[in-house]
Structure formats: structure tokens, C-alpha cells
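# Observations on the three-dimensional arrangement
Next come the chains, spelled out residue by residue.
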Amino acid sequence: MTDEKLAALAQQGDSEAELQLFNKYRSLINKFSRGYFLMGGDVEDLIQEGMIGLYKAIKNFSPEKDASFFTFAALCIRRQIQSAVRNASTKKNSVLSSAVPIMDEDNDDFGVFTISDGLAPDKLLIASETQNQISSELQKLLSPLEFEVLKHYLAGLSYGEIADKTQQSKKSIDNALSRIKKKLSSIKEKL
């Protein structure tokens, strides 16, 4: 069966046809992946990106266009890999790939992260100790309400949602966040 027919079957939900295309194009994906370097990743990550490109090619292939499936798939695979490399090199996602939690898992984790920026282990240890200091100071300085408000705020809740959860008014939440910011500034000055 031709690649074009397999792609048409895969678009109709035939998982066997899709699997045949993935198996057939694996060597092409491996070949393309070896030609690139992914900052913060490895060859397997590039292969996964190539697989995503192939998946997009299978789903978007149109026989009405004047290109064979092979040509279209090669283009999609290469572009997906190049896009991943480009995105990794812009450091746009460095916050996600190099973050360190502020609080221990044993404590109530705020879910706040700081960028480690590829620091060496000794620098990470120092950063971790600093973060533990901040956590300790926060627990001393914040009232139970402020602590709860901060936890909800850092979880991404709106003032209204925090007010509902804490059974306070939006103005009380706003005031609590103002006090928290001042207290955080005082902690920052100590460090």
C-alpha cells in the first residue's frame, strides 16, 4: 500500500495504518534528529518532536496538493524539529525547565519557583538554602489569613475566588496582598 493510501486510512481512524507510517518513517526521523542540537534536551527529545511532526503530516496530508506524502512528511518532521530547537534556544521556556521550588515538599508548598538558570550543584544548594530562609521568614511574618491568601494567589486564583475560599471580602484580600508584599520586601532586604 502506498504512503498516500496509508495516510488516508489513518485520517479515517485506522490505527494500524498510522502505526505502519510511524514505523516506516522512524529512520527518517532519526536521520533528521541527528543533525540538530536541542539545548536542555537530548536526541530522544528531538525524535519525539519528529514523531509529532509526522503525526501532524498524517493528519493534515491532502492528496489534492501536488506533493507526495513523503515530501510533505519530511517537511513537517524537519519543521517540527527546527521549531523545537529554535524554541529551546530562545530560553522562552527556561522558567519551566530550570525551576527550583521555594518551599520543601514537607511544608505547604506554595508552588513558587525561581529560575536556576543551569546553575552548578553548589549554587543550587545555596539557592535552596536561601529559599528555605525565605519560607521560614514567611511562616514567621505572615498571619494565617495572609499565608492562606498567598497560597491561593500563587495558585493563580482571582481576588474573587480567594475571597470565596477564605470567606473574606475582595477588599480584605487586596489589603492582605498589600501587607504580604511589604513583608516580602522586608525579607528581601534581610537577604
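As the structure is a computational prediction, the values presented were derived from the model and not from experiment.

### Observations concerning the nonpolar core
Judged by nonpolar contacts, the single largest core of 26 residues is most densely connected at Leu21, Tyr25, Leu54, Ile58, Phe69 and Ile77. At the level of secondary structure, the elements contributing two or more residues to this core comprise helix H1 (3-11), helix H2 (15-34), helix H3 (43-60) and helix H4 (69-89). Examining the composition of this core, we find that eight residues originate from one element, H4, more than from any other. Those residues in contact with Leu21 that lie beyond four places of it in its chain are Asp3, Leu6, Ala7, Leu54, Ile58 and Phe69.

### Focus on the packing of H1 against H2
Their axes nearest at 8 Å, the elements H1 and H2 cross at an angle of 135°. Classified by the angle between their axes, H1 and H2 sit oblique to one another. At the point where H1 passes H2, the crossing takes the left-handed sense. Between H1 and H2, the residues in contact are Asp3, Leu6, Ala7, Leu9 and Ala10 and Ala17, Glu18, Gln20, Leu21, Lys24 and Tyr25, respectively. Its residues assigned to classes, the contact of H1 with H2 comprises seven nonpolar, one polar and three charged.

### Quick notes on a nonpolar patch on the surface
On the surface, Tyr153, Leu154 and Tyr159 cluster together into a nonpolar patch covering about 230 Å² of accessible area. One can find Tyr153 in helix H7 (residues 144-154).

Parameters and conventions
- Residues numbered from 1 in each chain as written.
- Predicted model: local features only at pLDDT ≥ 70, side-chain atom pairs only at ≥ 80, totals over all residues.
- Heavy atoms only, no water.
- Core = buried A, V, L, I, M, F, W, Y, C linked by side-chain atoms within 4.5 Å.
- Buried < 20%, exposed > 50% of the residue type's maximum accessible area, 1.4 Å probe, protein only.
- Helix = DSSP H or I, 4+ residues; strand = E, 2+ residues; numbered from the N terminus.
- Contact = heavy atoms within 4.5 Å.
- Axes fitted to C-alpha atoms, helices over the stretch in contact; angles between N-to-C directions.
- Parallel < 35°, antiparallel > 145°, perpendicular 65-115°, else oblique.
- Left-handed = near helix turned anticlockwise from the far one by under 90°.
- Nonpolar A, V, L, I, M, F, W, Y, C, P; charged D, E, K, R; others polar.
- Patch = residues over 30% accessible without salt bridge, like charges linked within 9 Å, V, L, I, M, F, W, Y side chains within 5 Å.
- Areas by Shrake-Rupley, 256 points an atom, 1.4 Å probe, with all protein chains shown as cover.
- Salt bridge = Lys/Arg side-chain N within 4 Å of Asp/Glu carboxyl O.

Keep in mind these numbers describe shape, not what the thing actually does.
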